[in-house]
Structure formats: structure tokens, C-alpha cells
Amino acid sequence: MTYLPLDTLVSPEGDIASRDKKLNPGLQTVAGARIMLLDNTKSNSDVLFDLLEKYLLEMGASTVTRRVKSTAGKPAAAHVLAEVRDMDAVVAGVGDCGSCSSWTIHDVLAAEGLGIPSVGVVSDWFKHLAALEFSAAGVADPASRIVVVPHPFGNLSDEEVAAFADKLAVDVITGLTSQPRL
Amino acid sequence: MTSAQSREAETDSLAEFFSYAVEKEWSDGLPVIPPTATRVEQMIGGLDPDRVLGVIPPRNGLATVRTVAANAVMAGCLPEYFPVVVAAIEAACDPRFWLYGLIPTTSPGGIGVLVSGPVAERIGVNGGNMSLGPGFRANMTIGRAVRLCARNIGGGRPANGDMTTQGSPNLISLCFAESPDSPWPSYGVERGGMTPGQSSVTVFSALSMISMFDTVSNDPYQLLRSFVNALTRISTTNVLIGNGPFAVLCPEHARVLSAAGFTRKDVERFLYEHVRVPLAWFNPENVREYVRKRRPVWAYSEGPDARIPMGQSPEEFHVVVSGGPGSHSHVISSLSESFAVTKAVGA
């Protein structure tokens, strides 16, 4: 027996503000590319990005620019975004908590908004949050631009980070050279 | 249908809606009232239903008056509470409040809602005995309405948009009024920039709470020492990554301080100057990864005797008076990047 007139209910979710973000076409190749690694200060991000920098240079990247945010809990500073305009690609991370993963995706979307293909690195537990945030911005198929490291991440030893750094580097290059569905 | 049968049908229908709301993930796990078009219209009153109060992340849902009203109905609010809910949502959507971090964060970040001014008494938001709850419909349902907006409009659902590791009872509802027996001018006036007699809502992030028990201190410095001790215990997150607390003083404690000539500002400054955590309390990993990276102003004091404050300034400390008779206060730590925001009610 149904007493409730479901058709008269007002949705408590409502509409989404705007879904106007688009991902930029990926790089043809990382060879010759100017790439920024945007470190959010979270533990081990520097260790991982040291290894990633080395790998990207070996793959022929022309420059790797390292920038560190003042805090993981805020967007990248305006002067960093100004430098992003002179890059060919950006890698942001590592998000290994709820708020810092959100701000990682925020930075990726900001860089994409400047026309620069970018990937966000988050730990495994936060990949759904990252996908939700891409989707809320209008990016339905962000999969390759979210690159995942194991969770927990911040308390790994340097050796444990090194053990998956090569795979991470391959995933980053796959992400940066992926062509989003438009 | 007899009246008893009709009542039973209505009750069944409410139970049925509760199950439906759980299935749709609209409920926080407690019963909710169906947001029918009629109830939502009554909640909205004379406001423009399409007015946008803000955008709630991470889903980037549009917090229109209509959608916020649907959540207020579900939470159990009466229509006369709605202007307070509206002001709270507007305040929470101010970027200084940092909802983009607060909702997804793994930290247990409650949304504290402080109601100041005559609206509190008019609609029954309790600032006296048991003001922090439970037991008062306005307190419980206004706080819950705000949280349901975070869940439904913002998409903050467990392990999806809301990644809180353990959660907290603060995430159900936390709303209270200032005590009418406060010896100081209202927080809304002194800190929120309101004019006397103006009603306001302040939202603040509520991380962990500790009860501060002191029934014997009549000397203001001894009483403040008890507050310093309590805050120093819960301050570790704020010391590691910044920001200050909300101290909810009971009227008896506030009167001891006021009688000795302390203003609210004096108390806030005293707490800022005296709540200091020795660097030696933290292990080397936390000093390396947090204190030095996130509190750089203090990081050059590297000796183990170095003492690190909560917050960067006395303005990051907030003192408010609430509660009934008795000598129990609360101190509440905050999220590092989330700052309290005050908005006028009905403006």
C-alpha cells in the first residue's frame, strides 16, 4: 500500500551549478614538453616527484619545473598559476586525504582552464572523490587524468615509494597524452 | 476511514518515506519528514524560491531557497526557523568557511551554527540549559538542516563526497544560541559586526570538543588557567596545521572573568598568548611534515622547549557564552583553513 505521493516531493538535491569545464587534448608526447610538478606539501609527495622528475627527463621532457604550495588545504597561488601558462603539462598531488585531494583536483581543473593538460595524483581511497569533483565540473570521463598511488601513502618509506614510482610515471604519461572524449 | 485508521495511514506513509529517503541516500540515518510541495512552499514563505544562496561542493549543487527549504522540511524545521537556515547556508557558502575542504575532509568537521540576537528567543533556539543539545527542536533541526544541505546539495555522502575517517556526533547537528545571561555584549555584535538588536548566524568548524570543568576558581587567572589546560590538550591539530578554537563559556565562568574586568577580547588574547604546545610533544615526523611546513612562522623555534600557539593571532580565538547554571564549559577545536563567518538573519 502506498500512501505517499512521491510525484509531489521537492528534490533535496537540486541542480548542479555549472558543468562547463572541458579537458584539453593531451600531449602528443612528453618529449620536448615543459612540465610542472605541483607539490602540495603532503608527506612523500617530494619523494615521489623526485623520482617522477628523473623519469620525465629520461623520456625527453625539455624542462621539469618544481613548485610547492604553501599548504595542501588551499588552491595553488596566483603566481604559480601564472607560471602554469608557460607549461605544456601539469602534474599535481599527492592527495591522500579528503581536503587535499579536493584541492589537488581544484588545481588540475584550474590548469586545464588555462588550456594546459594536467593530471592529479591521489591515493586509492580518494579516486571516487576525485571523479565526483571532475564530474561536478562537467568532465564526465576523467579516468586517465586521475592517477592513483596506494593508500595509505604518507607514511611509506622511500623504498616503498620507489617500488611503484615507475608504474606511476607510466600512468602519468598515459594521462598527459590521453585524448579526452569530447 | 475512521480517524484512527487515517492516523495510522499517515504514520505508515511517514515510515515508508523514511525508507525511501534512506534508499535515495537523502537521510542521515534518522527519520525525515517528506518534502512535499506544500510543506516546502510553507517553509519558503515569502522568499524567492529560485534565489541562489550559494554553491555547495564537492557536487557543486545549487543551494536555491527551494532546495534548501526541502532539506529544512526533511530535518523537521518549522517555517519560522527558515530565515536562520538561509543565513547559515549563505554564511557556510562564503569561501572563508572553506566548504570545499570541510565537506570532503577526512577530519571530523562539524558545521557549528551560533544564533545571536532576538531571533533566538523568538523562534526558540535555546541558549540556556542544554543548549548544545539534545532536547530543543529549533537547535536540533536547524543544525541538521544545514548538514542535510551539505549531504544532499553538496553530495557529501559517506566514502563518496564526505571522506571523514570516523565521523562525529557533531556532524549530525550542532546549533545553539548565546546565553541571555552573558555578561558581555553579544558575539554577533562584538565579533560579527552586527548592530545591537540585530540577529545573526555564525558558522564555525567544530572539530573536537572537550568539557572544561572548574567549580572552584574565583580568581580569573586560575579559571583561565583551567581553560588553557583544556585547550592545550585538544589543540594538537590546530598547532600542527593552524587556526584557533571556539570556546563556549557557561555564564558562571563568564561572570567570574567579567567581574574581574575581562572583556571578551581580553579573554581571547589571554588564551592566544597562553595556549602554547611544546614542540617536544610532537614526534620528529610530525615536526618535519607539519609544524615546519604548515606553521612556518614558528618553525624556526626548533628547540624542544619551543612553544607553538594555536592559531596565528588572537582573532582566531572565539569566545561565546551559552548554557545554563553549573560550572561546565566547552572548548572546540577547528579545521585549519576554515574561518568563522557571520551573516545577518533576514537581510
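Please refer to the structure higher up on the page.
Here, residues in each chain are numbered from 1, in the same order as that chain's written sequence. As a convention, the first chain written is A and the first ligand written is 1, with the rest following in written order. Selection of residues for local features in this predicted model requires a pLDDT of at least 70, selection of side-chain atom pairs for listing and counting requires 80 or more, and totals for whole chains, interfaces and linings are taken over all residues. Values shown for side chains rest on all heavy atoms present in the structure; no hydrogens or waters enter the calculation.

Note on definitions: a residue-residue contact is assigned when non-hydrogen atoms from the two residues lie within 4.5 Å. At the junction of the two partners, chain A supplies 36 residues and chain B supplies 43 residues. Salt bridge criterion: a side-chain nitrogen from Lys or Arg within 4 Å of a carboxyl oxygen from Asp or Glu. Our count for the chain A to chain B interface comes out at 2 salt bridges. Among the ionic pairs, Arg157(B) bridges to Glu13(A), the shortest N-O distance being 3.1 Å. By the criterion applied in these results, polar contacts are pairs of N or O atoms within 3.5 Å in which, for protein atoms, one can donate a hydrogen and the other can accept it, and in which residues neighboring in sequence qualify only through two side-chain atoms. Where chain A meets chain B, there are 14 residue pairs in polar contact (both at pLDDT 80 or more). Only DSSP runs of H or I reaching four residues or more are called helices, and only runs of E reaching two or more are called strands; each is numbered from the N terminus. Counting only elements with at least two residues in the side of chain A that touches chain B, the list comes to helix H3 (98-113) and helix H4 (127-137) of chain A.

With an omega of 10°, the peptide bond between Gly93(A) and Val94(A) qualifies as cis. Relative to the helices and strands, Val94(A) resides in strand S3 (residues 89-95). Residue His151(A) is joined to Pro152(A) through a cis peptide bond whose omega torsion reads -5°. Along the chain, the position of Pro152(A) falls in the loop between strand S5 (146-149) and helix H5 (158-176). The backbone of Trp98(B) sits at a positive phi, close to 70°, despite the residue not being glycine. Mapped onto the elements, Trp98(B) comes out in the loop between helix H4 (82-92) and helix H5 (99-102).

Before going further, it helps to spend a moment on the pattern of salt bridges. Oppositely charged side chains may form a pair once their charged atoms are brought near each other. One pass over the full model with this rule turns up 23 salt bridges over all chains. One salt-bridge network, in which partners are shared between bridges, spans Asp50(A), Glu53(A) and Arg66(A).

The next thing to look at is H4(B). Per-residue accessibility, obtained with a 1.4 Å probe over protein chains only, is compared with the maximum for each type, and a residue is labelled buried under 20%, exposed over 50%, and partly exposed between these values. In terms of burial, H4(B) is a largely internal element, 9 of the 11 residues being buried. For H4(B), the full list of buried residues reads Phe82(B), Val84(B), Val85(B), Val86(B), Ala87(B), Ala88(B), Ile89(B), Ala91(B) and Ala92(B).

Turning to its location among the elements, Glu16(B) is positioned in helix H1 (residues 3-23). Measuring from C-alpha to C-alpha, the distance between Glu16(B) and Gly154(B) comes to 25 Å, with 138 residues separating the pair along the chain.

Pairing of aromatic rings covers Phe, Tyr and Trp, the last counted by its six-membered ring, and requires centre-to-centre distances within 6.5 Å; plane angles under 30 degrees mean stacked, over 60 mean edge-to-face, and any other angle means tilted. In the structure shown here, the tally under the stated rule is 11 aromatic pairs over all chains. Ring geometry for Phe153(A) versus Phe164(A): centroids 6.4 Å apart, planes at 50°, classification tilted. In this pair, Phe153(A) sits in the loop between S5 and H5 while Phe164(A) sits in helix H5, placing the two residues 11 residues apart along the sequence. Of the two residues, Phe153(A) and Phe164(A), neither departs from the other in class, the shared state being buried. Here Phe17(B) and Trp26(B) contribute two aromatic rings whose centre-to-centre distance is 6.5 Å and whose plane-to-plane angle is 45°, an arrangement assigned as tilted. The rings of Phe176(B), Tyr187(B), Phe204(B) and Phe246(B) are connected pair by pair, giving a single aromatic cluster. A cation over an aromatic ring shows up here: Arg276(B) above the ring of Tyr272(B), its NZ or CZ 4.9 Å from the ring centre. Note on geometry: a ring has a charge over it if NZ (lysine) or CZ (arginine) is within 6 Å of the ring centre and within 35 degrees of the ring normal.

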